[in-house]
Amino acid sequence: MEWETVIGLEIHAQLLTRSKIFSGAATAYGAPPNAQASLIDLAYPGVLPVLNAEAVRMAVKFGLAINARVMRRSVFARKNYFYPDLPKGYQISQYELPIVCGGAVCILLEDGTEKRIGVTRAHLEEDAGKSLHEAIPGLTGIDLNRAGTPLIEIVSDPDMRSAREAVAYLKKMHTLVRYLRICDGNMQEGSFRCDANVSVRPRGTEKLGTRAEIKNLNSFRFVEKAIQFEVARQIELLEAGGNVVQETRLYDADRGETRAMRSKEQANDYRYFPDPDLLPVEIDEPAIDAIAASLPELPDQKAQRFITEYGLSAYDAGVLTASNELADYYEQVVLHLAGHAKLAANSVMGELAGLLNRDGLEIGASPVDAAGLALLLQRIVDNTISGKLAKEVLEAMWQERASADAIIEARGLRQITDESAIERAIDAVMSAHAAQLADYRAGKDKLFGFFVGQVMKATGGKANPARLNELLRKKLSG
Amino acid sequence: MTGWHANTVAELSAALHEGSVSSVELTGLYLARIAQHQGALNAFISVTQEAALLQAERADARLRAGERGALIGVPIAHKDIFCTAGERTTCGSRMLANFVSPYDATVVERLRAAGAVMLGKTNMDEFAMGSSSETSYFGPVRNPWDPARVPGGSSGGSAPAATATDTGGSIRQPAALCGVTGLKPTYGRVSRFGMVAFASSLDQGGLLTISAEDAAVLLAAMAGFDERDSTSVELPVPDYTASLAQPLKGLKIGLLHEFFDQGLDPQIEQRIRDALDVLRLEGASLRDVSLPNLPLSVPTYYVVAPAECSSNLARFDGVRYGYRCERPRDLLDLYQRSRGEGFGAEVKRRIMVGTYVLSAGYYDAYYLKAQRVRALISADFARAFHEVDVLIGPTTPTAAFELGAKTGDPVTMYLNDIYTIGANLAGLPAISVPCGFVQGLPVGMQIIGPHFSEPRLLNVAHRYQCESDWHRRAPPGFT
């Protein structure tokens, strides 16, 4: 039987507010345990939550960016369960009336077509603290610094059909929240993480299979691997005549497998009810309009603009707009270069991306800035160096933190465009290789490349390739 | 140095400003009286003698420096549900028996800033859950009019001039049963920040005082918007004393038909009707008003309040503060024994009821339905206030009952709240004023008004108290 995979993702993105969602404590990552837990985060008797207006604005931004309905009225509810890192014994979340309903994003599939992935809802909630099981031997430590950090939980429709699609959707959202500057997207620190709901069904059937929920995936690779493993596990189970059990599973990255955490029977009854300590969140039209007016150019809009303005392919535009910083860098290069958008795109996506990747750097930390790269590309355009030598120059710029011109000068890489110099080199090569010359003239055209190579070798690679071709062709034909 | 204790806050304040008594002297006197009666009444959980005398010294210095303020140097007590920095806040529970709050409740902070001197923390039903002040971990409170009887609850220990809280009647009911004035303000009028939560949508801080005038003076200091409580309302605080003496001519009083039912002690009904005659003579007119959904308030309340309490009390888990069981085996054991040993029977009963009514499959049938009925009750009140200015009825169906009389039957106990709960469900202000005695036990008249009508309620209560002296009567042995 052929199986179809069905995936829905629940993304948790920490909002970039300075203080927590219901208290004035700071949200910065990495403070000593419990240094950023106020009496409100610690759930002292008598304390009350007060909603952070900035968190609401960020959620509205997100809703607008995915063309969702921003609800005029949303309600915070209590999700009740006992856990030591949940100080109040309940999490304040939104349940029946979330702030954002029904949006969508488009992902680019490998075959170049676009696919729409629906977003059921997005709601505001507070994060829990952390239980530190290894910190103190025999005991569990509780760090409540993260307790009360604002989160937006983005729930997708079950629209994804493969691990690849799930990753593409996750990357799309990752790009979007960073564009909106509502989340730093740091997956290692857990500021952007997701749960994957995975099920399989016989291809062609409508009814959804029983799903398993894989919790807390915090890298794109883990999402892909965990889903692939889970799909294979479910198919194997079903083909052996078994049943998938609805349960929560954890991905073990070391073993590359998912493991059952708790089944539906053991699941908590969260006893949701509206939080009487907080008023419903009411947002009016003018407030939404003001937020809409403050939205930055979004990834899709930017990609579209790159296609029309710079003549890039959809794929290139997608890569270059994957982060706001990369897109800005690219546009700076084009600006300094006064055009040559395609050359700039190839360079940024090619050599520059290669070096960044090799050294594990983000674009913001690139040793060569946009103006520096533009100057290098300018030297290709104005025939000072060849494209081939440019790679060597960029590598040197990267290491030595020097400008393209300084490197070209210091290494004597300036391209020979002087025709007489090139002619002299050609003459020397021709007289040194009389046999090959005779063969060429007898019709062995393939030897042209041989002569190009020899002249280049003689000029130290500095001969202008176009000029060389032209002169060589003329001279060889006698 | 005798006799001062019978004075109202207004009288004490006048004497302090005039210099006929110092705050240190007054504070000493009250501390001595607390010591004298504590054994018989058990009204206090903590007496903060040292801090009180220090505060009194500071108040005297302020007065000597010529500062003026209605509460400077006036001794008061706080219900032990309000957090007080540096002093124990127990909420009448073993769970918090040794809990010292690191911060002051807004109410405490404001009264302290106004110069009031805190004598101590008064006893109460555990977590304010009770109608008799018998469920305190620190033992029951007794009624000064008859120590064999309950003082009402949950604010049972707050007799002289004291802060209190009212979730279903916990200010008005003990006020009625002890012969004092009890004001529950509009929901949102007084900040709940620092008040240990029982049922968040119903809890409201208020006052137990000798007179309505005292309530006006204290409320002015306590009330007002607090950015730390999202449910506090951003409305200016009027000068409650300014309108106290206003004549009642033209006042339209509605008699709550549903309150004069078979459950009401006929002698209490007579005292209320006598009081209404006084108000009529003052120029008020009376008419009958019916609130058909009001009889549903007890079942409605006993769904909503436990639901909220089951969630509010989840934080008492033995992890961060409060009672923790000895040598827990594992996490579950820590939770079960800390909560099992830390909470008393009534609190556990309400947590269980609340957990049940919020559970999947029962939520719609209980919690949601109760919220709908709550909206109907609010609408009944709103309709009534189109016709009348205030509603009047008894505060309690009977006078104080004997200790232990109702502890075996929770439902009978819950029915004590039958007349007080409506105002909580609708978020309305209400005041109970003493209006006579039945077999030597005090009886209270309840006046309920529209949202933020405290000036009117205090005005009606004050005019009544100008024409009566029930509120100035002291129990035998307390004169």
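Residues numbered from 1 in each chain as written. Chains lettered and ligands numbered in written order. Predicted model: local features only at pLDDT ≥ 70, side-chain atom pairs only at ≥ 80, totals over all residues.

For chain B, the helix and strand inventory stands at 14 helices and 11 strands. By the compact-globule yardstick of 23 Å for 479 residues, chain B fits well, its C-alpha radius of gyration being 21 Å. With the C-alpha coordinates aligned to their principal axes, the bounding extent of chain B is approximately 65 × 50 × 45 Å. Taken over 479 residues, chain B has a buried fraction of 59%. Contacts spanning at least 24 positions in sequence make up 76% of the contacts within chain B whose residues lie at least 6 apart. (Helix = DSSP H or I, 4+ residues; strand = E, 2+ residues; numbered from the N terminus. Rg over C-alpha atoms; globule rule 2.2 N^0.38 Å. Buried ≥ 20, exposed ≤ 12 C-beta atoms within 10 Å, placed from the backbone. Contact = placed C-beta atoms within 7 Å.)

Within chain A, the secondary structure is distributed over 15 helices and 16 strands. Taken over the C-alpha trace, chain A has a radius of gyration of 30 Å; the compact-globule value for 478 residues is 23 Å, which it surpasses by more than 25%. Taken over 478 residues, chain A has a buried fraction of 40%.

The next point concerns the nonpolar core. Nonpolar side chains tend to gather and get buried jointly when the protein is soluble and globular. All names here are of chain A. Counting 214 residues, the largest nonpolar core has Ala59, Phe62 and Ala196 as its most contacted members. If we skip the residues at most four places from it in the chain, Ala196 touches Ile7, Leu9, Ala166, Ile214, Leu217, Val223, Ala226 and Ile227. Membership of the second largest hydrophobic core comes to 34 residues, among which are Phe306, Leu320, Val334 and Ile385. (Core = buried A, V, L, I, M, F, W, Y, C linked by C-beta atoms within 7 Å.)

On to helix H5 (residues 299–310) of chain A. Residues and elements named next belong to chain A. For H5, which comprises 12 residues, the first-to-last C-alpha distance of 15 Å matches the rise-based estimate of 16 Å (1.5 Å per residue) to within 8%. Residues of H5 that are buried: Pro299, Lys302, Ala303 and Phe306. In a view along the axis of H5, the buried residues occupy a sector of 100 degrees, so they form one face of it. On the buried face of H5, the contacting elements are helix H2 (163–179), helix H6 (314–320) and helix H7 (324–337). Just beyond H5, the residue with positive phi is Gly311, at close to 65 degrees. (Expected span 1.5 Å × (residues − 1). Arc of directions from axis to C-beta.)

Take the domain arrangement of chain A next. Assigned domains within chain A: domain 1 (3–289), domain 2 (297–411) and domain 3 (419–476). If you average the C-alpha positions of domain 2 of chain A and of domain 3 of chain A, the two centres end up 33 Å apart. (Domains from an automatic or database assignment.)

Despite not being glycine, Arg271 of chain A shows a phi value in the positive range, around 45 degrees. Secondary-structure assignment places Arg271 of chain A in the loop between strand S14 (257–263) and strand S15 (273–274). Non-glycine residue Asn42 of chain B carries a positive phi angle of around 60 degrees.

All names here are of chain B. Put simply, helix H8 (residues 297–312) and helix H11 (residues 364–387) touch, their axes get as near as 9 Å, and they point 125 degrees apart. Between H8 and H11, the interaxial angle falls into the category oblique. Here the hand of the crossing between H8 and H11 comes out left-handed. Residues Ser297, Thr300, Val303, Val304 and Ala307 of H8 form the contact with H11, whose own contacting residues are Tyr366, Tyr367, Ala370, Gln371, Val373, Arg374 and Ile377. (Axes fitted to C-alpha atoms, helices over the stretch in contact; angles between N-to-C directions. Parallel < 35°, antiparallel > 145°, perpendicular 65-115°, else oblique. Left-handed = near helix turned anticlockwise from the far one by under 90°.)

All names here are of chain A. One open sheet accounts for 3 strands, arranged S5-S4-S15; its pairing is antiparallel. Two strands lie at the open edges of the sheet, namely strand S5 (90–94) and S15, each paired on one side alone. Where strand S4 (residues 76–80) and S5 come together, 5 bridges link them in antiparallel fashion. Its bridge partner lying in S5, Lys79 is registered against Gln91. (Pairing = 2+ DSSP bridges.)

Further remarks concern the environment of Ile288 of chain A. All names here are of chain A. Secondary-structure assignment places Ile288 in helix H4 (residues 285–293). In this structure Ile288 comes out as partly exposed when scored by C-beta crowding, with 16 C-beta atoms within 10 Å. Separated by 228 residues in sequence, Ile288 and Val60 have C-alpha atoms that sit 7.3 Å apart. Other than its neighbours up to four places away in sequence, Ile288 contacts Val60, Val70 and Ile283.

Turning our eyes to something else, we now look at the pairing of strand S8 (residues 130–136) of chain A. Across 4 bridges, the pairing between S8 of chain A and strand S9 (residues 139–143) of chain A is antiparallel. From the neighbouring strand, Leu132 of chain A faces S9 of chain A, where its bridge partner is Gly141 of chain A.

Below, the discussion takes up the pairing of strand S11 (residues 441–448) of chain B. All names here are of chain B. Judged by how many residues are buried, S11 sits mostly within the fold: 8 of 8 residues are covered. Here S11 shows two buried faces, one formed by Leu441, Val443, Met445 and Ile447 and the other by Pro442, Gly444, Gln446 and Ile448. Relative to S11, strand S9 (residues 390–394) runs antiparallel, the two being bridged by 4 bridges. Bridge pairing in S11 places Leu391 opposite Ile448.

Moving on, we come to the environment of Val150 of chain B. All names here are of chain B. Among the structural elements, Val150 can be located in the loop between strand S3 (117–122) and strand S4 (162–165). Between the alpha carbons of Val150 and Leu286 there is a distance of 33 Å; along the sequence they are 136 residues apart. Filtering out sequence-adjacent residues up to four positions away, Val150 remains in contact with Ser132, Ser133, Glu134, Asn143, Ala400, Phe401 and Leu403.

With that settled, the discussion passes to the environment of Leu361 of chain A. For Leu361 of chain A, the location among the structural elements is in the loop between helix H8 (341–359) and helix H9 (370–381). Once residues within four sequence positions are removed from consideration, Leu361 of chain A is found in contact with Leu356 and Ser366 of chain A.

What follows covers the confidence of the model for chain B. In this model, chain B carries an average pLDDT of 94, and 98% of its residues clear a pLDDT of 70 or more. Scored by ipTM, the complex comes to 0.95, with pTM at 0.90. (pLDDT = per-residue confidence, 0-100.)

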